[in-house]
Amino acid sequence: LTRATDDLQRLASGEVPEVIQNRGGLPEIILIGQTMNRLAERMKELTAFARAVNADDSGSELPLAGKNDALGKELNGLRRKIRDNAAQQQRNEEENKRRLYINDGLAKFADILRTGNTDITSLGDVFVRELVKYLGAIQGGLFLLDENGGDQPVLSLVSSFAYNRKKYLQKTVAVGEGLVGTCAVEKQMINMTEIPKGYISISSGLGDAKPDNLLLLPVLHENDLVGVLEVASLKKYPDHELEFAREAAASLGSTLIYTRNNH
């Protein structure tokens, strides 16, 4: 009993011996030794579990010592709460980054629209170039509605940007023709992740590559069509980039009308 008391005092003080020797003698003394060994093993499990939680290890839960293991249940609940809080914090951080991306982008383009509206071509050049860069895209173009060229209104390319130089294949599109013309008719954003074969390719030092994402944005002023923005990318646009692009395009329409009427 004296030796068992010493071992219990060591356990109570937080020390976990590797092995607690079973004591001989009466069956009750043997049982005490066996129970103390189970207690020591449980303390090792609890220590390993706490170490894993402290190291942000989201492994399996702590096995319960029995149906009435209150400490085990509380520790498992604590791990779940820590894991849930960490996941929520990560979601909050990602949302803050997305919101910052949108707000910074809109502020940047507000400056462009405020200071760059000397003429339609110059404004379009700067806007398209910076939009392509901000979206991490490859190529972009701005088509403006032209209703004075004949019986059928067309969309004429006024600005384009690709690999730091002006480049575009098709200069004029009839309203309703192709994806640009469809966007003009529907006045809705079109985000395509399956590009029609032969529609567009990106030329670089590595050869010709087909974009993975094609974004078409209507440029409106008081719901009247002004033009269409088309941006091609080798990556798919996440939702927050699409939200930014939609808002940036919406801010362009009134500035284009003002520039056309006053310059």
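Bear in mind the structure is a predicted one, so any value in this text is a computation, not a measurement. (Residues numbered from 1 in each chain as written. Predicted model: local features only at pLDDT ≥ 70, side-chain atom pairs only at ≥ 80, totals over all residues. Heavy atoms only, no water.)

(A) Spatial organisation of the pairing of strand β7 (residues 213-221). Most of β7 is tucked away: seven of the nine residues are buried. Here strand β4 (residues 190-192) runs beside β7; their pairing, made up of three bridges, is antiparallel. From the neighbouring strand, Ile-190 faces β7, where its bridge partner is Leu-216. Bridge analysis of β7 against strand β8 (residues 224-233) gives nine bridges, and the strand direction is antiparallel. From the neighbouring strand, Pro-218 faces β8, where its bridge partner is Val-228. Taken together, β7 and the strand that follows it, β8, pair antiparallel across an intervening segment of two residues, in which Glu-222 is found at a positive phi of about 50°. (Buried < 20%, exposed > 50% of the residue type's maximum accessible area, 1.4 Å probe, protein only. Helix = DSSP H or I, 4+ residues; strand = E, 2+ residues; numbered from the N terminus. Pairing = 2+ DSSP bridges.)

(B) Structural context of the pattern of salt bridges. A full pass over the atoms with the stated rule returns ten salt bridges. Here Glu-41 ties to Lys-44 by a salt bridge, and the two come within 3.3 Å at their closest N and O atoms. On the criterion of helical spacing, the pair formed by Glu-41 and Lys-44 is a turn pair, its members being three residues apart in helix α2 (residues 27-54). (Salt bridge = Lys/Arg side-chain N within 4 Å of Asp/Glu carboxyl O.)

(C) Structural context of the environment of Ser-60. By secondary structure assignment, the location of Ser-60 is in the loop between α2 and α3 (70-115). Sequence separation between Ser-60 and Asn-76 is 16 residues; the distance between their C-alpha atoms is 9.4 Å.

(D) Local environment of the nonpolar core. Counting residues in each nonpolar core, the largest one holds 31 residues, and the members touching the most others are Phe-127, Leu-131, Leu-135, Leu-229, Phe-244, Leu-252 and Leu-256. Listed by contribution, the elements that provide at least two residues to this core are α3, α4 (120-134), β1 (139-146), β7, β8 and α6 (239-262). Among the elements that take part in this core, α6 stands out by supplying eight residues, more than any other. Sequence-distant contacts of Leu-229, that is, excluding residues within four places in its chain, are made with Phe-127, Val-128, Leu-131, Gly-141, Leu-142, Leu-215, Leu-216, Leu-217, Val-219, Ala-249 and Leu-252. Among the nonpolar cores identified, the runner-up in size contains 17 residues, and Phe-143, Leu-145, Leu-214 and Val-228 belong to it. (Core = buried A, V, L, I, M, F, W, Y, C linked by side-chain atoms within 4.5 Å. Contact = heavy atoms within 4.5 Å.)

(E) Highlighting the packing of α4 against α6. In contact at an axis separation of 11 Å, α4 and α6 are set at 170° when each is read in the N-to-C sense. Between α4 and α6, the crossing angle belongs to the class labelled roughly antiparallel. Facing α4, whose interface residues are Ile-120, Leu-123, Phe-127, Leu-131 and Tyr-134, α6 presents Phe-244, Ala-248, Leu-252, Thr-255, Leu-256, Thr-259 and Arg-260. Tallied by class, the residues present in the contact of α4 with α6 amount to nine nonpolar, two polar and one charged. (Axes fitted to C-alpha atoms, helices over the stretch in contact; angles between N-to-C directions. Parallel < 35°, antiparallel > 145°, perpendicular 65-115°, else oblique. Nonpolar A, V, L, I, M, F, W, Y, C, P; charged D, E, K, R; others polar.)

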